[in-house]
Amino acid sequence: MSILVLGGAGYIGSHTALELVRAGESVVVADNLATGHIQAVPEGAKFYKGDLHDKSFLDSIFENEQIDAVIHFAAYSLVGESVTNPLKYYDNNLCGTKVLLSSMVEHKIDKIVFSSTAATYGEPENIPILETDRTLPTNPYGETKLAMEKMFYWTANAHGMRYVSLRYFNACGADKSGNIGEAHDPESHLIPLILQVPNGKRGSISIFGTDYDTPDGTCIRDYIHVTDLAQAHILAVQYLRNGNKSDIFNLGNGVGYSVREVIETARKVTGHPIPAVETEKRAGDPARLVASSEKARKVLGWDPKHASLEEIIADAWNWHKTHPNGFEE
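Just so you know, the residues in each chain are numbered from 1, in the order the chain's sequence is written. Where local features are concerned, this predicted model is filtered to residues with pLDDT of at least 70; where side-chain atom pairs are given and counted, the filter is 80 or more; whole-chain, interface and lining totals use all residues. Derived side-chain values reflect all non-hydrogen atoms in the structure, with water molecules and hydrogen atoms excluded from consideration.

Caption draft 1: Summary view of the sheet that holds strand E4 (residues 67-72). When DSSP locates at least two bridges between a pair of strands, those strands are taken to pair. Strands are runs of DSSP state E lasting at least 2 residues, helices are runs of H or I lasting at least 4, and numbering of each runs from the N terminus. With parallel pairing, seven strands are arranged side by side in an open sheet as E3-E2-E1-E4-E5-E6-E11. Two strands lie at the open edges of the sheet, namely strand E3 (46-49) and strand E11 (247-251), each paired on one side alone. Strand-to-strand twist across the sheet, computed as the mean angle between neighbouring axes with direction ignored, equals 20 degrees. Here five bridges tie strand E1 (residues 2-6) to E4, and the two strands are oriented parallel to one another. Its bridge partner being in E4, Ser-2 is matched across the sheet by Ile-67. Two residues qualify as a contact provided that any one of their heavy atoms is within 4.5 Å of a heavy atom in the partner residue. Under this scheme, a helix contributes an axis fitted over its contacting stretch, all axes are lines through C-alpha atoms, and angles between N-to-C directions fall in the 0 to 180 degree range. Across the sheet, helix H1 (residues 11-22) touches E1, strand E2 (26-31), E4 and strand E6 (162-168), and the angle it forms with E2 is around 165 degrees. Helix-sheet contacts for helix H7 (residues 226-241) involve E1, E4, strand E5 (111-117), E6 and E11, and the interaxial angle to E6 is about 160 degrees.

Caption draft 2: Here's a closer look at the sheet that holds strand E14 (residues 288-289). In space, the three strands of this open sheet follow the order E12-E9-E14, with mixed pairing throughout. Both edges of this open sheet fall to strand E12 (257-258) and E14, since each of them pairs with a single strand only.

Caption draft 3: How the structure looks around empty space enclosed by the protein. Definitions used throughout: a 1 Å grid over protein atoms alone; a cavity as a set of points that fits a 1.4 Å probe which cannot get out; a pocket as an open set with protein on both sides within 12 Å along at least five of seven lines; a lining residue as one with an atom within 4 Å of a point. Grid points are joined across faces, edges and corners, and a volume is the space filled by probe spheres set on the points. This model, assessed by the stated rule, comprises one cavity of 30 Å³ or more. In this model, the largest cavity occupies a volume close to 50 Å³. Taken together, Ala-9, Gly-10, Tyr-11, Ser-14, Thr-35, His-37, Ala-40, Gly-181, Ala-183, His-184 and Phe-327 make up the full set of residues lining the largest cavity. Basically, the charged four are Asp, Glu, Lys and Arg, the nonpolar ten are Ala, Val, Leu, Ile, Met, Phe, Trp, Tyr, Cys and Pro, and anything else, Gly included, counts as polar. Here the lining of the largest cavity is composed, by residue class, of five nonpolar, six polar and no charged.

Caption draft 4: Layout of the pairing of E2. Three labels apply to residues, based on accessible area from a 1.4 Å probe with only protein chains included: buried if under 20% of the type maximum, exposed if over 50%, partly exposed otherwise in between. With five of six residues buried, E2 is to be regarded as a mostly interior element. Pairing between E1 and E2: five bridges, direction parallel. Residue Leu-6 lies in a different strand from E2, and its bridge partner there is Ala-30. With its strands directed away from the observer, a crossover is right-handed exactly when the path from the first strand over the helix to the second travels clockwise. Remark: the E1/H1/E2 crossover connection has right-handed handedness. One ladder, built from four bridges, connects E2 with E3; its direction is parallel. The residue of E3 that forms the bridge with Val-28 is Lys-46.

Caption draft 5: Structural context of the packing of aromatic side chains. For Phe, Tyr and Trp, where Trp contributes only its six-membered ring, two rings pair if their centres lie within 6.5 Å, and the inter-plane angle classes them as stacked under 30 degrees, edge-to-face over 60, or tilted in between. Going through the model one piece at a time under the given rule, you end up with six aromatic pairs. Residues Phe-152 and Tyr-163 carry aromatic rings whose centres are separated by 6.1 Å and whose planes lie at 25 degrees to one another, so their mutual orientation is stacked. Of this pair, Phe-152 sits in helix H5 (residues 140-159) while Tyr-163 sits in strand E6, and the two are eleven residues apart along the sequence. The burial state of Phe-152 is the same as that of Tyr-163; both residues are buried. The structure contains a cluster of three or more aromatic residues connected by ring pairs, namely Phe-114, Phe-152 and Tyr-163. Across from the ring centre of Tyr-76, 4.5 Å away, lies the NZ or CZ of Lys-88, which sits over that ring. Working rule: Lys NZ or Arg CZ, within 6 Å of ring centre, within 35 degrees of ring normal, means a charge sits over the ring.

Caption draft 6: View of the packing of helix H8 (residues 259-270) against helix H10 (residues 309-320). Running from N to C, H8 and H10 cross one another at 60 degrees; their axes reach a closest spacing of 9 Å. As summarised for this structure, H8 and H10 are arranged oblique, according to the angle between their axes. Judged by the twist between their axes, the crossing of H8 over H10 is right-handed. Listed contacts from H10 to Glu-261, Val-262, Thr-265, Ala-266, Lys-268, Val-269 and Thr-270 of H8 are Leu-309, Glu-310, Ile-313, Ala-314 and Trp-317. For the contact of H8 with H10, the class distribution of residues is seven nonpolar, two polar and three charged. Here the angle decides the label: under 35 degrees means roughly parallel, over 145 means roughly antiparallel, 65 to 115 means roughly perpendicular, and every other value means oblique. Note: crossing handedness is left-handed where the near helix turns anticlockwise from the far helix by less than a right angle, and right-handed where it turns clockwise.

Caption draft 7: Structural view of the pattern of salt bridges. Salt bridge, as applied in this entry: a Lys or Arg side-chain nitrogen positioned within 4 Å of an Asp or Glu carboxyl oxygen. Considering all chains together, one arrives at 21 salt bridges under this definition. A salt bridge links Arg-167 to Glu-149, with the nearest nitrogen and oxygen atoms 2.6 Å apart. A residue pair is termed long-range when its members are at least 10 positions apart, and Arg-167 in strand E6 and Glu-149 in helix H5 qualify at 18 residues. Accessibility assignment for this pair places Arg-167 and Glu-149 in one class, buried. Because the salt bridges share partners, they merge into one network encompassing Glu-25, Asp-68, Asp-110, Lys-111 and Arg-241.

The quantities given are spatial measurements derived from coordinates; they are silent on function.
Written out as structure tokens, the structure reads:
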């Protein structure tokens with residue numbers, strides 16, 4: 001039986017597909033390559049190019065491959081863009097997922113692991129965030145991911161499907177090999193943006209907001225190595241294969257780092273001064289997002305191996321310094 005990785009040419013999807021191949025799984029990757037890269041699809045995985053909205057495309061995969069479970073990464077994920085173009089996010093994240101679930105129900109595929117986000121919580125009531133905390137997203141990205149979770153819940157309820165939703169925030173780092181890593185265009189994530197400075201791609205890094213209610217005034221986030229995230233998705237598939245019930249898990253290190261701390265660590269790792277420019281806050285950015293992952297550790301047996309910020313940035317730098325233009329030659 002095979003695992004279908006939707007969005008498996010993207011950043012987290014490709015790292016998960018690679019870890020699945022390394023674990024000896026049969027892997028099928030489907031991606032429309034709108035933001036993914038064919039070069040990121042691991043050797044040993046079977047690749048299909050097509051779109052989530054295209055039911056006949058999904059049907060053909062389920063008819064031609066023996067798919068046991070689906071891991072769903074095929075969603076848009078830029079907070080700022082979701083605020084300025086919310087309909088793009090509703091169309092892809094919700095309408096696309098509806099087509100996927102219709103095809104899965106039809107072909108009796110009953111297990112799905114979903115890449116969700118800590119943005120479902122919005123401005124958190126508690127730190128660290130627990131799975132039982134209130135969900136009140138502050139942007140359309142978080143809103144659509146929360147709606148996707150509810151779509152899984154009701155579809156599972158009606159059709160005997162089981163799902164695991166993994167809520168995490170800042171995926172970062174790169175595979176130790178340095179062969180795959182983060183490559184978005186345009187780039188919006190903090191660590192790759194910072195590393196563009198020592199790579200000669202930009203003169204400075206912007207700090208959006210310096211008067212948040214945090215020790216140094218800048219936003220605090222929970223950074224998780226992409227390889228640790230990949231392992232959590234594999235454990236979630238195994239959890240469902242073992243017959244367990246649908247559930248939601250946070251994935252985090254339980255430790256938050258401020259924007260200033262991340263910049264300072266990058267200076268240390270790269271040996272570059274990395275000038276920083278303070279600027280206005282962005283709409284929809286909560287001050288702190290740090291997740292408790294006690295439940296994932298206890299229930300899934302998840303044990304992050306690459307939790308130090310220095311290691312995360314060192315692995316990211318190992319990729320970016322040898323691939324300054326991402327996957328482009």
